[in-house]
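The primary structure of each chain is shown beneath.
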Amino acid sequence: MINLVLFGPPGAGKGTQSQKLIEKYQLIHLSTGDLLRAEIAAQTELGLSAKKLMDQGILVPDEVVIGMIRNKIQDNRSAKGFIFDGFPRTVAQAEALDKMLQENGLAISGMIALEVNEAELVKRLLLRGQTSGRPDDQNEELVQKRVQEYNTKTRPVADFYAAQGKFTSINGIGEIEEIFANLCRVIDGWA
Ligand code: AMP
């Protein structure tokens, strides 16, 4: 079983690479951003309160995303593995994920970080904003806020996995296929 945490700041290419990885390795893609946007589209209470924070580029509370992931893991017990995309984003989420997996007899295989510099991220996110329809991709201030949230709250999650000997980082700038090949090389090394 492969349980991958695909890590990196907003705009690093996690979504794009996840789509290619789920196809190749037949994994379940769990993106908390996508799950939250589905809640917003369905106009649930959870979605409406999350939207207020998401529209400001601020992380939603840990218990909200942890609860969503718990449900998805339980719904997919027979999966070949999971890609966690945009989760965990805080050390508390990482600790909760380890515990949830352990309770199901599972564990994270490894975290792979996509390294992309800040100027490139802002450029990519604003470009995506022209077509994504995502309110949080629309203006530079908001994009900067999301990168700042990443730097302060999310970056330490890499150390959490490094301490377990489960951290690898690869260059996230270049051709999509080249980055994908580098990701596959790391994952195949876990088998
Ligand atoms: P994303 O699609 O991953 O860029 O997420 C969009 C927004 O959803 C983020 O800016 C946060 O407000 C929220 N979000 C997504 N995943 C998480 C998470 N794991 N923890 C807290 N907030 C999250």
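In what follows, the structure referred to is the one given above.
The residue numbers shown here count from 1 along each chain, following its written sequence. Two thresholds apply to this predicted model, a pLDDT of at least 70 for residue-level local features and 80 or more for giving and counting side-chain atom pairs, whereas whole-chain, interface and lining totals are computed over all residues. Side-chain descriptors were evaluated using all non-hydrogen atoms of the structure, hydrogens and water having been removed beforehand.

A. Structural context of the overall build of the protein. A tally of regular secondary structure across the protein gives nine helices and five strands. Ordered by position in the sequence, the α and β elements of the protein form the string β-α-β-α-α-α-β-α-β-α-α-α-β-α. Only C-alpha atoms enter the radius of gyration, while the globule expectation follows 2.2 Å times N to the 0.38, with N the number of residues. By the compact-globule yardstick of 16 Å for 191 residues, the protein fits well, its C-alpha radius of gyration being 16 Å. With the C-alpha coordinates of the protein rotated into their principal frame, the extents come out at 40 × 40 × 30 Å. Out of the 191 residues in the protein, the part that is buried amounts to 45%. A separation threshold of at least 6 residues defines the contact pool for the protein, and within that pool the share at least 24 residues apart is 74%. Each accessible area is a Shrake-Rupley estimate made with a 1.4 Å probe; only the visible protein chains count as cover when residues are assessed. A total accessible area of about 9600 Å² is found for the protein, and carbon and sulfur atoms account for 50% of it. Residues scored as positive are Lys and Arg, those scored as negative are Asp and Glu, and His as well as the terminal groups of each chain are ignored. Lys charges are placed at NZ, Arg charges at CZ, Asp charges at CG and Glu charges at CD. Of the charged side chains in the protein, 22 are positive and 25 negative, and the gap between their average positions amounts to 2 Å. Put simply, DSSP H or I for four residues or longer makes a helix, DSSP E for two residues or longer makes a strand, and each gets a number counted from the N terminus. Burial classes follow relative accessibility: with a 1.4 Å probe on protein chains only, a residue under 20% of its type's maximum area counts as buried, one over 50% as exposed, and anything between as partly exposed. Here, two residues are considered to be in contact whenever any of their heavy atoms come within 4.5 Å of each other.

B. Local environment of helix α9 (residues 176-188). Take the residue count of a helix, subtract one, and multiply by 1.5 Å to get its expected span. Compared with the 18 Å implied by 1.5 Å per residue over 13 residues, the 18 Å span of α9 between its first and last C-alpha is a close match. Those residues of α9 lying buried are I179, F180, L183, C184, V186 and I187. Buried positions in α9, seen along its axis, are confined to an arc of 160° and lie on one side of it. Residues E177 and R185 are exposed on α9 and point more than 90 degrees away from its buried face. Looking at the buried residues of α9, the elements they touch are β1 (2-7), α1 (14-25), β4 (110-115) and β5 (167-171). Working note: the arc is built from the helix axis to C-beta atom directions.

C. Quick look at helix α4 (residues 62-75). Over its 14 residues, α4 runs 20 Å from end to end, which matches the ideal 20 Å to within 8%, given 1.5 Å per residue. Looking only at α4, the buried set comprises V65, I66, M68, I69 and I73. In an axial view of α4, the angular spread of the buried residues amounts to 160°, which keeps them on one side of the axis. Exposed and oriented more than 90 degrees from the buried face of α4 are E63 and D75. Here the buried face of α4 lies against β2 (28-31), α2 (32-41), α3 (45-54), β3 (81-85) and α5 (91-103).

D. Fine view of the site of the ligand. One heavy atom within 4 Å of a molecule or strand makes the whole residue count as near it. The immediate surroundings of the ligand are formed by 16 residues, with T32, R37, I58, G86 and Q93 found nearest. The separation between a nitrogen atom of the ligand and a polar side-chain atom of R89 is 3.0 Å. Burial of the ligand by the surrounding chains reaches 96%, relative to a free accessible area of 480 Å². Under the scheme applied, nonpolar residues are Ala, Val, Leu, Ile, Met, Phe, Trp, Tyr, Cys and Pro; charged residues are Asp, Glu, Lys and Arg; polar residues are all the others, including Gly. Among the residues forming the shell around the ligand, the class breakdown is seven nonpolar, four polar and five charged. Pairs of N or O atoms are called polar contacts if they sit within 3.5 Å, as long as, within protein, a hydrogen donor faces a hydrogen acceptor (for residues adjacent in sequence, only side-chain-to-side-chain pairs).

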